[in-house]
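Residue-level structure breakdown
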Amino acid sequence: QVQLVESGGGLVQAGGSLRLSCAASGLTFSNYAMAWFRQAPGREREFVAGINGGGSPTFYGDSVKGRFTISRDNAKNTVYLQMNSLKPEDTAVYYCAAYPRSRLIDYYYSDYKEYSYWGQGTQVTVSS
């Protein structure tokens, strides 16, 4: 049984930082590209960042480029999202997701429907 468990969310002031973690079990982790999505109330689920099974390359949504960094540790079956210079508009529930290939496919990787497994989400709230 595949499980993805996110942690690290919380309340932070604008300009601050948070580091999210997603621990995976029940799958051969390095065989899966991984991604972070987020969803704010009343909005569609949005691609934030993605990373191939081997750790590179990485991909980012336009709204987070230069501020967020995705990484993974295959020995620990964990993917991370370092979020810096946070803005109130970053407020959302953040989800990690496993892609059914080791490499993200251009054009498709930002579509949440392409992903096989999801975590339960962790709330990130950025106050102004």
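See above for the structure.
Residues numbered from 1 in each chain as written. Predicted model: local features only at pLDDT ≥ 70, side-chain atom pairs only at ≥ 80, totals over all residues. Heavy atoms only, no water.

Side note on the state of the cysteines
- Considering all chains together, one arrives at one disulfide under this definition.
- Two residues share a disulfide in this structure: Cys22 and Cys96, whose sulfurs sit 1.9 Å from each other. Its torsion about the S-S bond being 45°, the disulfide of Cys22 and Cys96 is classed as right-handed. You can see Cys22 sitting in strand S3 (residues 18-25) and its partner Cys96 sitting in strand S9 (residues 92-98), a full 74 residues away along the chain. (Disulfide = S-S within 2.5 Å. Helix = DSSP H or I, 4+ residues; strand = E, 2+ residues; numbered from the N terminus.)

Quick word on the nonpolar core
- With 29 residues, the main nonpolar core has Met34, Trp36, Leu81, Met83 and Tyr94 as its most contacted residues.
- Mapped onto this core, the elements with two or more residues apiece are S3, strand S4 (34-39), strand S5 (46-51), strand S7 (68-73), strand S8 (78-83), S9 and strand S11 (122-127).
- The next biggest cluster of nonpolar side chains, apart from the first, holds 10 residues, and it includes Ala33, Phe37, Ala97 and Tyr99. (Core = buried A, V, L, I, M, F, W, Y, C linked by side-chain atoms within 4.5 Å. Buried < 20%, exposed > 50% of the residue type's maximum accessible area, 1.4 Å probe, protein only.)

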